Amino acid sequence: MVLRSGCKFGPVLVWFRLGYVVLLWLCVTHLRCARAETKTVVQKDAEFDVTYNDTVTSDNQTIYAFNHTVSRNKTEGIRVTVDVLSEGAESSPILFVVRQKQAVLSFQVPLILRGLYQRKYPYAHVGRTLCQPPTRSLTETQYFFVDVSTLSSLGTHYQLRISRVDSFTLHTDKKFSFTASPSQPQYFKYVFPDGVDTVIVKVNSEMTFPCSVMSIQDIQCPVYDLDNNVAFIGMYQTMTKTAAITVQRKDFPSNSFYVVVVVKTEDEACGGPLRFYPLRPDELIDAGNRSKTLDVVVSPAISCESLSQADQRTSAPSNTDVYVMGMLFCLGIFLSFYLLTFLVACVENKRSVDRPTVVYRKPGVTPVSPYEYGSFVDNASTLSSEAITDSIASDANYRYMGQETLKRRPFLTAIHHVAIRIERSLESVAGRSRHESLSSIEEDDYDTLADIDSDKNIVRTKKYLCVSDLARKDKRVLSKKYQIYFWNIVTIGVFYALPVIQLVITYQTVVNVTGNQDICYYNFLCAHPLGNLSAFNNILSNLGYVMLGLLFLLIVLQRDIIHSRALDRNDLNALECGIPKHFGLFYAMGTALMMEGLLSACYHVCPNYTNFQFDTSFMYMIAGLCVLKLYQKRHPDINASAYTAYACLAAVIFFSVLGVVFGKGNMVFWIVFSVLHILATMLLSTQLYYMGRWRLNSGILRRIVYVIYTDCIRQCSGPMYIDRMVLLVMGNIVNWSLAAYGLLKTPNDFASYLLAIAICNLLLYFAFYIIMKLRSGERIQCMAMVCILFTAVVWGFALFFFFQGLSTWQKTPAESREHNRDCIVLSFFDDHDIWHFLSSIAMFGSFLVLLTMDDDLDNVQRDKIFVF
């Protein structure tokens, strides 16, 4: 019966419990509604510049009503300042909502700002500037309300003050000082005056830290003026002591903009120390005092001093006039070199007309160039440089030089008869046309020394060498060999430049779209935009490399044509005298100079550490080609081929990329690079000392031990080639010192360090060449001496401007801007632009030195020109 009764009343109990729950829910809801209806809302008519002290709880809400008159011709800023005086307000902050006609601003106090790794920093003192919506009426009264509320049941005491900002609108060339902090950002309005299209907004501070951000934003609400949202819109850049942004009228339809200054919660973005990592993720960190005093000034991008008196009749200069003046100034400088070159060419042409021409003719043989049979003639006297040249003339010439020579050098007798037999064989090849296609000529076809390896060893290992000993190969073969330098560098330049141009256009697009000006390391105090380019002046100044490189190519082409005509008419000086003329490397040098200008311009579209390689790659090329050209002058037969040279330069650029990416602070990389640097120096020294007559194989160690034993232990003998040994010892000292410096100091700018190695070796070899040239009794002609002195002076001034250091990507963008400087020429070009001007002129002068330094030997037979 009991069980049946329980089953009978079970459903009733379920429904009873459900009804009880519903009734209880209705009661709670009613109580809540009743409580909400009892919440007090107080609205007060408030006034400006009055401090309101009040307490807010979850049971009451206070609304402050303000009104003010807005004028169309005058903009006033309104500042809201709030302080929370109660302790422990972080758990239940106060919410402030400012309701305006066309904008709403809300923030909590204490204000929680996040830093790196989600660290939280509370700020109990908050100050915000209200966004002012524009008005079309001449005058209008606008109302705004400040709602104060909280969910804390305990009373929270606060202070509220609304005040007018007296200097909300900035004026041209008038400095204004203010104070900002992470919770109290500042922004001001600037209106473009008539006649001014471009201005520079400069913000300065005597304090390096705290790190801050300057932003340029359009006149619209809301204004993003906190550390966590300042990068959402407009242009911005971090700063320590200096920040500058160039602003153009065309980017702002309202002809006005806001200058926003925000102090960051942390200093890592500006290169400051990193705070400790919080032990608990939600732990609040006291930020301390992060107030910063700054001053802002807005000035025209082009000063009136850059224009003529006629242009200064207007209140502000025309940007177009200054851009045109800058371009004309740049073109005028470099076109003057074209004019000067034309005048010098006219003078030289007049002198060459009066110069007598000695034509070589062999009796009974059609006049031809000895370069067509030079390899046969030269083999006639592999041990005597005097006999090589004179064997071209006749048997009488052999007797003329042979009697005295054989008396002094008995070992010539053995090959004297061989020389005569080879001379007789010239008649069978003398009729060969000079104009045979070079495409069918290979170096091995005419290099008869390739099959007489022992003869190479005899000639190239003599104690005293002359140019005739190392100019034995057929001229057409060598011309083809050295022309490959030119065509290869053209191909390299095209394939290198196209992706570079594409990449820097992408960089500039990213900067323009995101507004992040920390991507590029400009000199922001002298960055003149043009179109989508942010620093057109830095790009324009590279025009000198291109124009002077082209001028050098024209000069080389003129010399090449003159030399070819001399060969066609069998001019004796062109055939038998002077340094052998090979112009392929000169063409490559001129092309490299033009490519340097193009790639330097690409680099300055958006300079930073990731694309610094663009600015240095062809500097390595130029340095390497200059060294090769110096060596080729007196070693034409054994100079490196274009494939080997460019492969080595590619390895240099490869290490440059590795150094930029992995070299900073990586000791393993520096150890590996220093070891490879020293090994490469030793291998190159061996190659130069023995003129290539050595082999790197399994027996190298045995031969080294044998040489040490015979020359150092068994008998102490000095080096056979003293001059070469002096050069190589000095070169090893310099390179070992540079390797040690890199290993000990590990410089951050690896690309510049690598370039310094190349330049030091080039200067060392050039100095050695000049000293040995003078020591050998040769002289430097007037034109070459003028080029040397002029180039040295220009290099001195160029390096002065280079080391001014207007920016550096080795530091953070904010720290780099501390080195920025104003324009110094025409209010358009800065120090780095002057470096571009002077360095392009200096490189052009250096090329002319290499081109003319041996002109004094044009009338000297090659067996009288020493090799060093």
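Residues numbered from 1 in each chain as written. Predicted model: local features only at pLDDT ≥ 70, side-chain atom pairs only at ≥ 80, totals over all residues. Heavy atoms only, no water.

Participant: Break down a nonpolar patch on the surface for me, with residues and values.
Facilitator: A surface patch of nonpolar side chains, about 1000 Å² in accessible area, is lined by Met667, Val668, Ile671, Val672, Val675, Leu676, Leu679, Met682, Trp736, Leu743 and Leu744. Mapped by element, the contributors of at least two residues to the nonpolar patch are helix H16 (667–689) and helix H18 (722–745). In terms of residue count, H16 provides more of the nonpolar patch than any other element does, eight residues in total. (Patch = residues over 30% accessible without salt bridge, like charges linked within 9 Å, V, L, I, M, F, W, Y side chains within 5 Å. Areas by Shrake-Rupley, 256 points an atom, 1.4 Å probe, with all protein chains shown as cover. Salt bridge = Lys/Arg side-chain N within 4 Å of Asp/Glu carboxyl O. Helix = DSSP H or I, 4+ residues; strand = E, 2+ residues; numbered from the N terminus.)

Participant: If you had to explain the side chain of Asp227 to someone new, which residues and values would you point to?
Facilitator: On the secondary structure map, Asp227 appears in the loop between strand E16 (212–217) and strand E17 (235–239). Overall, Asp227 belongs to the buried group, its relative accessible area being 15%. Within the structure, Asp227 has its side chain in polar contact with the side chain of Thr265 (distance 3.3 Å). In this structure, Asp227 is in contact with Arg114, Val262, Val263, Lys264 and Thr265, ignoring residues within four places of it in sequence. (Buried < 20%, exposed > 50% of the residue type's maximum accessible area, 1.4 Å probe, protein only. Polar contact = N/O pair within 3.5 Å; in protein donor to acceptor, adjacent residues only side chain to side chain. Contact = heavy atoms within 4.5 Å.)

Participant: Residues and numbers for the packing of aromatic side chains, please.
Facilitator: We describe a pair of aromatic rings using the distance from one ring centre to the other and the angle between the two ring planes. Enumeration according to the criterion identifies 51 aromatic pairs in this entry. With 5.9 Å between their ring centres and 35° between their planes, Phe329 and Phe829 make a pair best called tilted. Here Phe329 is found in helix H2 (residues 319–354), whereas its partner Phe829 is found in the loop between helix H21 (813–816) and helix H22 (831–852), with 500 residues between them in sequence. What makes Phe829 buried here is its relative accessible area of 0%. With centroids separated by 5.0 Å and ring planes inclined at 85°, the aromatic side chains of Phe828 and Phe829 adopt a geometry described as edge-to-face. Residue Phe828 is classed as buried on the basis of its relative accessible area, which comes to 0%. Taken together, Tyr323, Phe329, Phe334, Phe536, Phe828, Phe829 and Phe837 form an aromatic cluster joined through their ring pairs. Here the basic side chain of Arg164 rests over the ring of Phe48, its NZ or CZ set 4.1 Å away from the ring centre. (Phe/Tyr/Trp six-rings, centres within 6.5 Å; stacked < 30°, edge-to-face > 60°. Lys NZ or Arg CZ within 6 Å of the ring centre and 35° of its normal.)

Participant: Report on the packing of helix H15 (residues 642–662) against H16, specifying residues and quantitative values.
Facilitator: Look at H15 against H16: their axes get within 11 Å of each other, and the N-to-C directions meet at 160°. In this view, H15 runs roughly antiparallel relative to H16, as classed from their interaxial angle. Between H15 and H16 the crossing geometry is left-handed. Within the contact between the two elements, H15 uses Phe655, Leu658, Gly659 and Phe662 and H16 uses Phe669, Phe673 and Leu676. (Axes fitted to C-alpha atoms, helices over the stretch in contact; angles between N-to-C directions. Parallel < 35°, antiparallel > 145°, perpendicular 65-115°, else oblique. Left-handed = near helix turned anticlockwise from the far one by under 90°.)

Participant: Explain the confidence of the model for the protein residue by residue, including any values.
Facilitator: Averaged over every residue, the pLDDT of the protein is 80; residues scoring 70 or more account for 78%. Within the model, the stretch residues 305–317 combines pLDDT values under 50 with 21 contacts to residues more than four positions away or in other chains. With pLDDT under 50 throughout, residues 359–454 is counted as low confidence; its partners more than four residues away or in other chains account for 149 contacts. (pLDDT = per-residue confidence, 0-100.)

Participant: I'd like a description of the state of the cysteines, backed by residues and values.
Facilitator: Covalent bonding between the sulfur atoms of two cysteines defines a disulfide. One pass over the full model with this rule turns up four disulfides. Across the disulfide, Cys211 is cross-linked to Cys270 (sulfur-sulfur distance 1.9 Å). Residues Cys211 and Cys270 are joined by a disulfide whose S-S torsion is about 50°; by sign, that bridge is right-handed. You can see Cys211 sitting in the loop between strand E15 (198–204) and E16 and its partner Cys270 sitting in the loop between strand E19 (256–263) and strand E20 (292–300), a full 59 residues away along the chain. Residue Cys211 is classed as buried on the basis of its relative accessible area of 0%. (Disulfide = S-S within 2.5 Å.)

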